[in-house]
Amino acid sequence: MTQEKTQARQPFVGRPLPRREDRRLLTGRGQYIADLVLPGMLHAVFVRSQVPHACIRAVDLSRAASAPGVVYVLSGLDLLKLLPPVSDTQLSLPRKWTATVQHQFHNPQQPLLAHDKVRHVGEAIAVIVAESRYAAEDAAELVEVDLEPLPPVVDAERALAADSPLLHDRFRTNLIGEFAIGKGNMEAALAAAPRRLKRRFYHHRYMASPMECRGVVGLHDARTDTITIWSSTQVVHWVRREAAMVLRLPEARIRCVALDVGGGFGIKGHVYPEDLLIPFVARAVGAPVRWIEDRHEHLMCSCHSRDQIHDVEVGFDDDGRILAFRDEFIFDCGAWNPIGAGIAYNTAVHLPGPYKLDTFSVRSRIASTNKVPNAPYRGAGRPEATFATERMMDLVAREVGRDPAEVRRLNMIKPEEMPYHVQLPYRDGEPIVYDSGNYLGGLEKALAALGGVEAFRERQRKARAEGRHLGLGIGTYVEGTGVGPFESATVRIDPSGKIYVASGACPQGQGMETIFAQMVADAWSVDPDDVIIALADTSAISTGFGTIASRSTVTVSAAIHHASEPLREKVFAVAANMLECAASDLELRQGSVGIVGVPGAAVSLAQVAQAARPGWDHSRPDGVDAGLESTYYFVPPTVTWAYATHAAIVDVDVALGRIKIEKYVIAHDCGVVVNPMLVEGQIIGGAAQGLGGALLEELTYDAEGQLLSASFMDYMLPTASDIPDFHLVHQHSPSPLNPLGVKGVGEGGAIAPPVVIANAVSDALSPYKVEFNATPIKPEQIVRAAGLVTAREP
Amino acid sequence: MKPARFDYHSPTSVDEALALLQQHANDVRLLAGGQSLVPMMNFRLVAPGVVVDLNRIPELAYITDRGNVVHIGAMTRQRAAEFSPIIGEKVPLLREAIKLVGHLPTRSRGTIGGSIAHADPSAEIPMVFQALEGEAVARGPRGERTIKAEEFFRDALTTSLAPDEMLVEVRLPAMPPGAGFAVEEFARRHGDFAIAAIAAVVVRDGARCCKARLATAGISSCPVRLRAAEQVLEAEGLGESAVARAAEVAADAVEPLADHNASAEFRRHLTRVLTGRALLSAVARAA
Amino acid sequence: MAQLVDVHLKVNGKPYVGQCEPRKLLADFLREDLGLTGTHVGCEHGICGACTILFNGEAARSCIMLAVQASGAELVTIEGLAKNGKLHPLQQAFHENHGLQCGFCTPGMLMAALDFLRVNPSPSEEEVREGISSVLCRCTGYRDIVRSVMAAAAAMRSETTREPAK
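What you see is a predicted model; the values in this text were computed from it and never measured. (Residues numbered from 1 in each chain as written. Chains lettered and ligands numbered in written order. Predicted model: local features only at pLDDT ≥ 70, side-chain atom pairs only at ≥ 80, totals over all residues.)

Draft legend 1. Focus on the overall build of chain A. A tally of regular secondary structure across chain A gives 21 helices and 29 strands. Relative to the 2.2 N^0.38 estimate, which gives 28 Å for 794 residues, the radius of gyration of chain A is 28 Å and therefore close to what a compact globule would have. Each principal axis of the C-alpha atoms in chain A carries an extent, and together these give about 95 × 70 × 50 Å. When the 794 residues of chain A are sorted by exposure, 59% land in the buried category. Long-range pairs, those at least 24 residues apart, make up 80% of the contacts in chain A with a sequence separation of at least 6. (Helix = DSSP H or I, 4+ residues; strand = E, 2+ residues; numbered from the N terminus. Rg over C-alpha atoms; globule rule 2.2 N^0.38 Å. Buried ≥ 20, exposed ≤ 12 C-beta atoms within 10 Å, placed from the backbone. Contact = placed C-beta atoms within 7 Å.)

Draft legend 2. Representation of the sheet that holds strand E5 (residues 74-76) of chain C in the model. Residues and elements named next belong to chain C. Strand order in the open sheet made by the five strands is E2-E1-E5-E3-E4, with mixed pairing throughout. Two strands lie at the open edges of the sheet, namely strand E2 (14-20) and strand E4 (58-61), each paired on one side alone. Neighbour-to-neighbour, the strand axes of this sheet turn through a mean angle of 40°, independent of strand direction. Two strands pair when backbone bridges link them, and strand E1 (residues 5-11) and E2 are joined in this way by seven bridges, in the antiparallel orientation. What sits directly across from Asp6, in E2, is Gln19. Helix H3 (residues 106-119) contacts strand E3 (52-55) and E4 of the sheet and is inclined by roughly 40° relative to E3. (Pairing = 2+ DSSP bridges. Axes fitted to C-alpha atoms, helices over the stretch in contact; angles between N-to-C directions.)

Draft legend 3. Region of interest: the environment of Ser604(A). All names here are of chain A. Among the secondary structure elements, Ser604 is positioned in strand E25 (residues 602-604). Put simply, Ser604 and Gly497 are 107 residues apart on the chain and 7.0 Å apart in space, counted from C-alpha to C-alpha. Among residues more than four places away in sequence, those in contact with Ser604 are Gly497, Gly591 and Ser592.

Draft legend 4. Representation of the sheet that holds strand E3 (residues 70-75) of chain A within the structure. Residues and elements named next belong to chain A. The strand order across the open sheet formed by seven strands is E3-E6-E1-E13-E10-E11-E12, and the pairing between neighbours is mixed. Of all the strands in the sheet, the pair left with one neighbour each is E3 and strand E12 (254-257). Strand after strand, the sheet turns through a mean of 20° between neighbouring axes, direction not considered. Of the strand pairs in this sheet, strand E11 (residues 226-231) and E12 are connected by four bridges, and their pairing is parallel. Bridging across to E12, Ile227 finds its partner in Ile254.

Draft legend 5. Structural detail: the nonpolar core. In this structure, Ile128(A) and Val202(B) are the most contacted members of the largest nonpolar core, which totals 414 residues. It is helix H17 (residues 552-579) of chain A that provides the largest number of residues to this core, a total of eleven residues. Leave out the neighbours within four places in its chain, and Ile128(A) touches Ala44(A), Val45(A), Val47(A), Ala64(A), Val70(A), Val73(A), Ala136(A), Ala139(A) and Ala140(A). (Core = buried A, V, L, I, M, F, W, Y, C linked by C-beta atoms within 7 Å.)

Draft legend 6. Here's a closer look at the interface of chain A and chain B. Of the residues lining the interface, 22 residues belong to chain A; the matching set on chain B comes to 16 residues. Take the side of chain A that touches chain B: its biggest share by element is four residues, from helix H5 (residues 133-140) of chain A. Taken together, the residues that form the side of chain A that touches chain B break down as ten nonpolar, four polar and eight charged. (Nonpolar A, V, L, I, M, F, W, Y, C, P; charged D, E, K, R; others polar.)

Draft legend 7. Region of interest: the pairing of strand E2 (residues 28-31) of chain B. Residues and elements named next belong to chain B. As paired strands, E2 and strand E3 (residues 50-53) are joined by four bridges and run parallel to one another. Among the inter-strand pairings, Leu31 is bridged to a residue of E3, identified as Asp53. With respect to chirality, the unit in which E2 leads through helix H2 (residues 37-42) into the neighbouring parallel E3 is right-handed. (Right-handed = clockwise from strand over helix to strand, strands pointing away.)

Draft legend 8. Structural detail: the interface of chain A and chain C. Each side of the interface is counted separately: chain A has 43 residues, and chain C has 44 residues. Here the element with the most residues in the side of chain A that touches chain C is helix H19 (residues 676-695) of chain A; it accounts for seven residues. When grouped by side-chain class, the residues that make up the side of chain A that touches chain C number 20 nonpolar, 15 polar and eight charged.

Draft legend 9. Region of the structure containing the packing of helix H8 (residues 236-247) of chain A against helix H9 (residues 273-285) of chain A. Residue and element names in this part refer to chain A. Between H8 and H9, whose axes approach to 9 Å, the crossing angle comes to 45°. One finds that H8 runs oblique with respect to H9. Seen along the crossing, H8 lies across H9 with a hand that is right-handed. Side by side, H8 and H9 meet where Val239, Glu242, Ala243, Val246 and Leu247 of the first sit next to Asp275, Leu276, Pro279, Phe280 and Arg283 of the second. (Parallel < 35°, antiparallel > 145°, perpendicular 65-115°, else oblique. Left-handed = near helix turned anticlockwise from the far one by under 90°.)

Draft legend 10. Looking closely at the domain arrangement of chain B. Residues and elements named next belong to chain B. Under the domain assignment used here, chain B contains domain 1 (7-53), domain 2 (58-173) and domain 3 (180-285). Between the C-alpha centres of domain 2 and domain 3 there is a distance of 21 Å. If you look at the interface, domain 2 gives 21 residues, while domain 3 gives 21 residues. Those elements that provide at least two residues to the side of domain 2 that touches domain 3 are helix H5 (92-98), helix H8 (124-131) and strand E8 (153-155). Residues of the side of domain 2 that touches domain 3, tallied by class, amount to twelve nonpolar, four polar and five charged. (Domains from an automatic or database assignment.)

Draft legend 11. Region of interest: the environment of Ile72(B). Residue and element names in this part refer to chain B. Take Ile72: it is sitting in strand E5 (residues 69-73). With 15 residues separating them along the chain, Ile72 and Ile87 place their C-alpha atoms 9.4 Å apart. The contact partners of Ile72, leaving out residues within four places of it in the chain, are Ile63, Ala81, Ile112, Glu169, Val170 and Leu172.

Draft legend 12. How the structure looks around the pairing of strand E20 (residues 487-493) of chain A. Residue and element names in this part refer to chain A. In terms of burial, E20 is a largely internal element, seven of the seven residues being buried. Across the two faces of E20 the burial is the same, with Glu487, Ala489, Val491 and Ile493 and Ser488, Thr490 and Arg492 all buried. Judged from the six bridges that link them, E20 and strand E26 (residues 629-634) form a sheet pairing that is antiparallel. Paired with Arg492 across the two strands is Glu629, which belongs to E26. Taking the residues that link successive antiparallel strands as the turn, the E20-strand E21 (residues 499-503) hairpin has five residues, and the phi of Gly497 there is positive, at about 95°.

Draft legend 13. Structural context of the packing of H3(C) against helix H5 (residues 143-162) of chain C. Residue and element names in this part refer to chain C. One can describe the packing of H3 onto H5 by two numbers: an axis separation of 11 Å at closest approach and a directional angle of 45°. Taken together, the axes of H3 and H5 are oblique relative to one another. When the axes of H3 and H5 are compared, the crossing they make is right-handed. Mapping the contact onto sequence places Met109, Ala113 and Leu117 in H3 and Ile145, Val149, Ala152, Ala153 and Met156 in H5. Among the residues making up the contact of H3 with H5, the classes are represented as eight nonpolar, no polar and no charged.

Draft legend 14. A look at the confidence of the model for chain A. Within chain A, residue pLDDT values average 96, and 98% of them lie at 70 or more. Predicted confidence for residues 1-6 of chain A stays below pLDDT 50, and this span has five contacts to residues more than four positions away or in other chains. (pLDDT = per-residue confidence, 0-100.)

Draft legend 15. Spatial organisation of the domain arrangement of chain A. Residues and elements named next belong to chain A. Segmenting chain A into domains produces domain 1 (33-39 + 210-301), domain 2 (305-483 + 637-785) and domain 3 (484-634). A C-alpha centroid distance of 35 Å is found between domain 1 and domain 2. Counting from both sides, the interface comprises ten residues of domain 1 and, opposite them, 14 residues of domain 2.

Set out below in structure tokens:
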């Protein structure tokens, strides 16, 4: 018998493995919600308000009901007779938070169909179900809605004025949320500061707009009285929980599944009325019902994001050291508030960034307006915070006559000061501790990748002499990732010896099937191909949270790790029994369990699974129960902090207002990297969305509350020609808060680009003494800033 | 977003199409490339009772070199024109502008005649039609007639075509050999409609300018010729200061639109800048 | 009684016959009547490019074509790219270079890229960026798509040079 040397396995974590998802997606064999075909399936269309604010006097569905092919019609008024309004659909805040943070919230509960008022253009008033989408749309045109228009309010500050039209009359105000946090004595610190500066910053309204719109299919199985909901969602367990309340069924009788999801970015990260109404209607009609959102709908009823006004005041010294930072901001949450204070509070705690701020205060007011509701979109409040803070850094630098890079260096937390206690609570209620990272290192790497600030300033001087406008912009942030409350994982050894893992995570293109397989392959010494991953299905695992907030890599990896530990012990106990050795003599190797140092002495995982079965002829030792399955709910101690510096050089053609991005670098740190190819994809994808928000994407309402950007003609997404190549630099500060040492990376790319562009363009145009303190930054603004357009139209 | 129901006809001859146009008068739309019409129908912004599909009339798609004039059938695909050696040789300004029209997949279907007849103020092909002093051939129950480019466009999305007429051919005079030409466009993204665009053709004789033609897109409700600016060049030549003056005159002459894309002042400013840049390029290319 | 039209066409080399209302969009006809759900609908107003297919060899947006217009035509959709289980060089390159994340734009991106490479088999990166700007992607930020197309172009060029001269 030949002596086989146990070969040292190269870990799969860390490798740029191509994805297992690709095969089906590349060949047109993916299955998205619109691809699902069920026998007898009917098609739903929503009748949506074309006015921003009105009392609903009557909804006449009679002509629609008798239109060809129509099977069922329902208005909000009808629905009220069938269902009470749905209870709280918000992300709840833990007691630890509510006990420590000064706050006040009203909770407007959005009905599944509007019945008393319509509160934004696009709000659903009625639903029509017909044999085809075409027929349903024909019938929808026949619905007559009697609306008594009310004056709309589309400006958050106006909404907070005493005489503003009210959206939710019972609150007698449009101020539906308010909170404040801080540390230090702000008044004293500001008064004592040698210098002060006050500015308003505005980060405008834009949205995720994934390439796949939303969609829901509902099916009631009469035999078992169970309901299946397929939804293009990021939160299947949450949908099920809400559906249980609406449908008055136990969760065990409801299954929610997300098939292939064509992008989410947060917009699909909460429960929408359609998620609940469609299954309700399906049960009412006794046939599967399908609703596929079209793009025009998407722009006027899937949640918008950003839309914050910040009034910031800083006190600083002559070197540019920030002594006090105060922010009062208004968050325009639109007509409803599905995520409560989630985004606004994210903004608040991300304002300090990677800087030392002894005295800090932020007050936030959440205002209701006649616009689409505001919900998280990649970054979820962090881009707005970073915009305010990083613009302020540049303005302070200009005041004291120092380079913006220099002022950042001065204020940054040093590596030796880590872990750094910020002395503010995160939204999980835990005190914020920046656990690991080298912010100065990241800044230096980014600037070096740009060729260095000195060299750039020299080029800039020369260019100015030739009438060209080069600018350098920096945007630095820290990001709390991997937030709780928990995520689930079940690990099971399949009779084949393959490893089955189920989790509550819900992918939308991140490559979770691949990266989780890499982790499990390392944990169990198998091939990634021998790992079966089940995600986004409430039948696969009974409890889960879902994928939002850059949390799944962190929380699922830890849940898999912790689920695997007791399971491994059990596997070893059984294997030890089979091999007649001590469990401590054993190791996992290549799909088997073997005695350390004895290559031939091993049993395969399949054999162990067989041996562990219940009933006759098992090989379990005494005291070891049957079955090889373990479920764990990982509760993160708190968030773990990723960070990055983005920096760019721009060349601004002031005659046309065109911005050419000469180079854009990203120095980022997400701890241990599971799959570098996928991590880069996330960063670049996020950065492209950030640039879209900075330059092109804009949701505009006119004074009458009409949404002017209701198609892709007006809501401009960046194309490949609009996005530069990105230069990535990596740092790795492993997280001490989870077994793998990972940090989240899904959102980060989108956080800094808007302020990078604002800073770069402000720098390029500094001879004109203009500031770009709002987004988007558009060509006409640049041309006017350069004084090239004179108002002489009659 | 699905279109409303309509009755569909796909005639195989122009006469058949014209008969349908007459028969259904106010409730009919001609379907050419569909790149503008079908999106509007999907939004139900238009809901014609009758759609007449022109795509099965082979006699309408051709590019013919008639020496001094290029004859282009109305249903010629933009893509075919883009890669046509005749277009490239005789009216290269058109090829230059077509590259800015949408994207290759839209040009696979969009037609030369469709773009001109649709008369979107921001479209590039009507601008070229103006700049090259083209002629439109219209056919209707009263027979065939030619309409000069300068008389073709009335207002945004409105032409001189009578409701019972259809555009069958576009004629473009061949550009003089050695003519310099350029298109300068300002759009938010590559392939978007022009917020402002200038097409320039110059023919030089030493320092003199024998002929200058300038036309706009996106700036006003119709593509217009910038005659005053042309006259400056034909009088003063093609030097830098003449070009600058022509650009000023062009900016003064236009009646710019104001919309959510750009204010009137900005369009006027763009007229000046783009005219200047287009002329500099065209002059550099002129033999 | 709604007017119905006959549609006879070839998709991926296979003949199909269908009947539908003339207003039925080609994208819907492919997906619903022919069961070819690989072609996706992203906007229904001809801007996002997710619905791009090859129509008589040229890329076209199927959401703004009527199904009846495809009668007599030969179409290639995403389902027709791979041959006998073997991935097309474009598909292979996208896989190796992470040219897709959620996959929703991918069929349209691949068909647009295929047409683009036939017209320009040796593109620069700039030209690829411009060439694929007809399809919107929200996930990748385009860098890895550009890399994929460049890699595919190289692979396809070397495949062509290996073919014997005709």
